[in-house]
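Architecture and fold: a report
Here's the letter readout for the chains.
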Amino acid sequence: MATVLVVTSGKGGVGKTTSTAALGAALAQSGQNVVVVDFDVGLRNLDLVMGAERRVVFDLINVVQGDAKLPQALIRDKRIDTLSLLPASQTRDKDALTAEGVERVISELREKFDWVICDSPAGIERGAVLAMRHADAAVVVTNPEVSSVRDSDRIIGLLDSKTAKAERGERIDKHLLLTRYDPVRAGRGEMLNTDDVLEILSIPLLGIIPESEDVLRSSNIGTPVTMGNPTSAAARAYFEAARRLKGETLVVTVPAERRSLMGRLFGRRAVA
Amino acid sequence: MNLLSLFRRNNSAPVARERLQILLAHERAFVGKSDLLAILQEEIIAVIARHVTIDREKVQIKLDRGDPISTLEIDVEVPSVAAAAALRRMDRSMPAVAT
């Protein structure tokens, strides 16, 4: 039985696409069949973060409108063969997505994969609502910062009212993924800490991704952090989050960077 | 860094947390009623205008969301002539009250 997961946040720039790529890759690395779907029509980026930008031929809109078959649009990852990408269109706009078309594509993907992970666009408009529409569960990506927390609260409200599951009177599972977290600053009272955010949003915690240089390096080279640098703090946090998605119970910790002696001395990470 | 800054901690997180808690408590209560202020303004003006001639531009509505209470402030400017006329009308239409 496939699980459809939406990665959403309301606010832009908090790490939806990075987290979609990293969680999708982590699940695929554990042997699950995974497809990551880019819903950000007109501003696609999941292809770039996944390193597949030069292999896009057909996209979600082509499949929704019946111009291409689903297998023609799916791009299989060259590094992990259980991981696929369905890119968004870069030239069309969000109005090209129809509710019926999206429903048909999602149910076709459910047949083929264990996990269908939908990368939502920012905002609360049509694209974001369609991305969450058929989800069984949601990952709400939040930064420990006031505007991100407020927007996440709004998105949680939409998840409880605008999804097909909510309309059927069922509960949609919501998980909080706290990203760009700096445990030192949170400890000093300069940044909202995990308990603050959990108390305000009151949804269960999926993981805490520490602010990390490795995340930018991964997107620079087009490799999800769990593949490119699997021992980094951010990657370990994503691996743990992926295991929790599969139902394992693990205590949530903030993985720390492992610094070399030279790195400690000179205040930056030694190049691996 | 001077010695003073060692003692003066920059604890802004508790402020962020409190602001968010107050704001979200209101936003959750008003979900789907985003036009509440506009509706209130229309209805209040309609009630007042039934009795007094007022200038719609001279009505101000302010909302201050706080914890534990919020205040709704309605400021209606009524020209003295219109107010006096309204009072006279009311006197005429009401039966005399024995004291």
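Residues numbered from 1 in each chain as written. Chains lettered and ligands numbered in written order. Predicted model: local features only at pLDDT ≥ 70, side-chain atom pairs only at ≥ 80, totals over all residues. Heavy atoms only, no water.

**Observations concerning helix H5 (residues 99-112) of chain A**
All names here are of chain A.
- Taking 1.5 Å as the rise per residue, H5 with 14 residues should run 20 Å; its terminal C-alpha atoms sit 21 Å apart, in good agreement.
- The complete set of buried residues in H5 reads Gly101, Val102, Val105, Ile106 and Leu109. The buried side chains of H5 occupy one side of the element, clustering within an arc of 130° when seen end-on. Those residues of H5 that are exposed and angled more than 90 degrees off the buried face are Glu100 and Glu111. (Helix = DSSP H or I, 4+ residues; strand = E, 2+ residues; numbered from the N terminus. Expected span 1.5 Å × (residues − 1). Buried < 20%, exposed > 50% of the residue type's maximum accessible area, 1.4 Å probe, protein only. Arc of directions from axis to C-beta.)

**A short note on the side chain of Asp59 of chain A**
Residue and element names in this part refer to chain A.
- Structurally, Asp59 can be placed in the loop between helix H2 (46-49) and helix H3 (60-64).
- Buried charge Asp59 goes without a salt bridge, the closest partner of opposite sign being Arg44 at 4.6 Å.
- Excluding its chain neighbours within four sequence positions, the residues that come into contact with Asp59 are Ala73, Leu86, Pro87, Ala88 and Ser89. (Lys, Arg positive; Asp, Glu negative; His and termini not counted. Salt bridge = Lys/Arg side-chain N within 4 Å of Asp/Glu carboxyl O. Contact = heavy atoms within 4.5 Å.)

**A word on unusual backbone geometry**
All names here are of chain A.
- A positive phi angle, near 55°, is found at Arg180, a position not held by glycine.
- Inspection of the secondary structure assignment puts Arg180 in strand E7 (residues 173-181).
- For Arg180, a relative accessible area of 42% gives the class partly exposed.
- A positive phi angle, near 40°, is found at Ser202, a position not held by glycine.
- Relative to the elements of secondary structure, Ser202 occurs in the loop between helix H10 (194-201) and strand E8 (205-210).

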